[in-house]
Amino acid sequence: MATITDAKIIVTSPGRNFVTLKITTSDDVTGLGDATLNGRELAVASYLRDHVVPLLIGRDPARIEDTWQYLYKGAYWRRGPVTMTAIAAVDTALWDIKGKVAGLPVYDLLGGKAREGAMVYGHASGGDVAELLDDIARFKELGYRAIRAQAAVPGSPGSYGVRHGQVYEPANAALPEEQIWSTEAYLDFAPTYLTAVRERFGFDFHLLHDVHHRLTPTEAGRLGRRLEDLRLFWMEDPTPAELQESFRQIRQATTTPIAVGEVFNSIWDCERLITERLIDYIRASVAHTGGITHLRRIFNLAELYQVRTGSHGATDLSPVSMAAAVHLDVTVPNFGIQEYMGHSPLTHEVFQPSYELRDGALYPSEAPGLGVELDEEAAARFPYEPKYLPVGRRADGSVHDW
Ligand code: CS2
Ligand code: MG
């Protein structure tokens, strides 16, 4: 029986911070897991290095479920983004190893393909409506069949999701940037630019929009109703999701599909949302929800209630968890869509994934395991830099959801 002989945490910052766990076995097989928690990276690096790695050495790498249960129940203090991102990294690395030992891509270990590729959506944005429309046109040119639209709200520098330069990167400052937010200005403007998108391009592609946790349930219901004729693929994170009950009010107000879950870290964050069909898409990710083992449980539960998957895939999820997501995406029966912001050329100096983007979908390779290589020498060239996500504030100075 092989055993785990080494587990190292690789912190690198090729354009943005990533934390990666690399596990090595006595048969010299290695596996990678994404341990990146944007803005709180070192907490996960320490959780792994100081509290998990000592428990892994000597364990059987083939016992993925037992290791998951051991790390989850054995911690006593359950759930939370730091713990579940650390467990996710271990879980994902062990699936990578299992695939390499079997000589099979991870999707084959998960039951084989239910589809060839995973439809993705890209992030179009603009400082004004004209820029947004140009960006939508660019994504359509690139073959995307699903596109998210976000535009800067005039007079509201705190608008979410507007790219400045080549890649959108919200974690942009050594201390949190404070962004002023106006709900009223957003509610007046968002329907305007989303309508402009449909008027220019029609309905031959999926249009998505991210509210980014910023409305009350009442405001979200009102927005959803105003957007119904635009036939959104989904309205994302309409309201903060701690209070799952609040989604019932939004559900009663509108038929615009609802997506939530990128900040979730366990099935208990979404069990009611799914079993009471308060949402249409669950956005939980391999990186932050305990890895492939736990996320598959969430997706299996969602299938029973006709809730589809729509995993988070921002640039702060590394190519390692993006690869794991694609392996899962092509196997689950209730796949919906996969977010794919892409990664910068600098990031790809460190991470070499083998998934392929073609005609608006991601395709996993046949490589055994996840199919991702990490260049440790390149990683060492990009030392960690503290980077925080912004903090939102209302005009009166009080903190708002960012
Ligand atoms: C966003 C994310 O991609 C999305 O849907 O909500 O970009 C989110 O802002 C970042 O992942 C936060 O680190
Ligand atoms: Mg989002």
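Residues numbered from 1 in each chain as written. Chains lettered and ligands numbered in written order. Predicted model: local features only at pLDDT ≥ 70, side-chain atom pairs only at ≥ 80, totals over all residues. Heavy atoms only, no water.

Chemist: Pulling in residues and values, what's your account of the packing of helix α5 (residues 129-141) against helix α6 (residues 183-201)?
Modeler: Two quantities define a packed helix pair, namely the angle between the axes and the distance from one axis to the other. Taken N-terminus to C-terminus, the directions of α5 and α6 make an angle of 45 degrees; their axes are 10 Å apart at the nearest point. As judged from the angle between their axes, α5 and α6 are oblique. At the point where α5 passes α6, the crossing takes the right-handed sense. Packed against α5, whose contacting residues are V129, L132, L133, I136, A137 and K140, the element α6 presents F189, Y193, A196, V197, R200 and F201 at the interface. Considered class by class, the residues forming the contact of α5 with α6 number 10 nonpolar, no polar and 2 charged. (Axes fitted to C-alpha atoms, helices over the stretch in contact; angles between N-to-C directions. Helix = DSSP H or I, 4+ residues; strand = E, 2+ residues; numbered from the N terminus. Parallel < 35°, antiparallel > 145°, perpendicular 65-115°, else oblique. Left-handed = near helix turned anticlockwise from the far one by under 90°. Contact = heavy atoms within 4.5 Å. Nonpolar A, V, L, I, M, F, W, Y, C, P; charged D, E, K, R; others polar.)

Chemist: Got a sec to walk through the coordination of the magnesium ion (ligand 2)? Specific residues and values, please.
Modeler: The magnesium ion (ligand 2) binds to the protein through D210 (OD), E236 (OE) and E262 (OE); the donor distances cover 2.0 to 2.2 Å. Going along the chain, you hit the donors of the magnesium ion (ligand 2) in the pattern D-x25-E-x25-E. Residue D210 is found in strand β7 (residues 206-210), and its partner E236 is found in strand β8 (residues 234-236); the two are separated by 26 residues along the sequence. Given a relative accessible area of 2%, D210 falls into the buried group. (Donors = N, O, S within 2.8 Å, 3.2 Å for Na, K, Ca; no water. Buried < 20%, exposed > 50% of the residue type's maximum accessible area, 1.4 Å probe, protein only.)

Chemist: Pulling in residues and values, what's your account of the sheet that holds strand β3 (residues 30-34)?
Modeler: Each strand in a sheet pairs with its neighbour through backbone hydrogen bonds, running either in the same direction (parallel) or in the opposite one (antiparallel). Spatial strand order, β1-β2-β3: 3 strands in an open sheet with antiparallel pairing. If you trace the sheet from one side to the other, it starts and ends with β1 (4-12) and β3, each paired once. In this sheet, adjacent strand axes meet at a mean angle of 20 degrees when their direction is disregarded. Of the pairings in the sheet, the one linking strand β2 (residues 18-25) to β3 comprises 5 bridges and is antiparallel in character. The residue bridging K22 from the neighbouring strand is L32, located in β3. Contacts from helix α1 (residues 41-56) reach β1 and β2 within the one sheet, and its direction differs from that of β1 by about 175 degrees. (Pairing = 2+ DSSP bridges.)

Chemist: Let's hear about helix α3 (residues 81-102): which residues, and what values?
Modeler: Between its terminal C-alpha atoms α3 stretches 31 Å, which fits the 32 Å expected from 22 residues at 1.5 Å a residue. In terms of burial, α3 is largely enclosed, as 16 of its 22 residues are buried. (Expected span 1.5 Å × (residues − 1).)

Chemist: Please set out the domain arrangement of the chain residue by residue, giving values where relevant.
Modeler: Annotation of the chain at the domain level lists domain 1 (4-105) and domain 2 (109-366). Its C-alpha centre places domain 1 at a distance of 26 Å from the equivalent point of domain 2. Contacts between the two partners involve 32 residues from domain 1, matched on the other side by 35 residues from domain 2. Surface buried jointly by domain 1 and domain 2 totals about 2600 Å² across both partners, of which 61% is contributed by carbon and sulfur atoms. Sorting the residues of domain 1 by area buried against domain 2 places D34, W95 and P105 first, and these three jointly supply 24% of that buried surface. Scanning the region where domain 1 abuts domain 2 turns up 2 salt bridges. For R16, the salt bridge is made with E169, and the minimal N-O distance between the two is 2.8 Å. (Domains from an automatic or database assignment. Buried area = accessible area lost by both parts, 1.4 Å probe. Salt bridge = Lys/Arg side-chain N within 4 Å of Asp/Glu carboxyl O.)

Chemist: Mind laying out the environment of E242, listing which residues take part and the relevant values?
Modeler: If you trace the backbone, E242 turns up in the loop between β8 and α8 (246-253). Measuring from C-alpha to C-alpha, the distance between E242 and L304 comes to 23 Å, with 62 residues separating the pair along the chain.

Chemist: Lay out the pattern of salt bridges with the relevant residues and their values.
Modeler: Per the stated rule, a full pass over the model turns up 27 salt bridges. Taking the shortest distance from any N to any O, the salt bridge between D204 and K140 comes out at 2.9 Å. Of the two residues, D204 sits in the loop between α6 and β7 while K140 sits in helix α5, which places them 64 residues apart along the sequence. Across the pair R248 and E245 runs a salt bridge whose closest N-O atoms are separated by 2.7 Å.

Chemist: Please set out the sheet that holds strand β6 (residues 178-181) residue by residue, giving values where relevant.
Modeler: What the 3 strands build is an open sheet, ordered β6-β17-β18; its pairing is mixed. Each edge of the sheet is formed by a strand with only one pairing partner; in this case those strands are β6 and β18 (399-400). Across 4 bridges, β6 lies against strand β17 (residues 391-394) in parallel orientation. Within β17, the position partnered with I180 by the bridge is R393.

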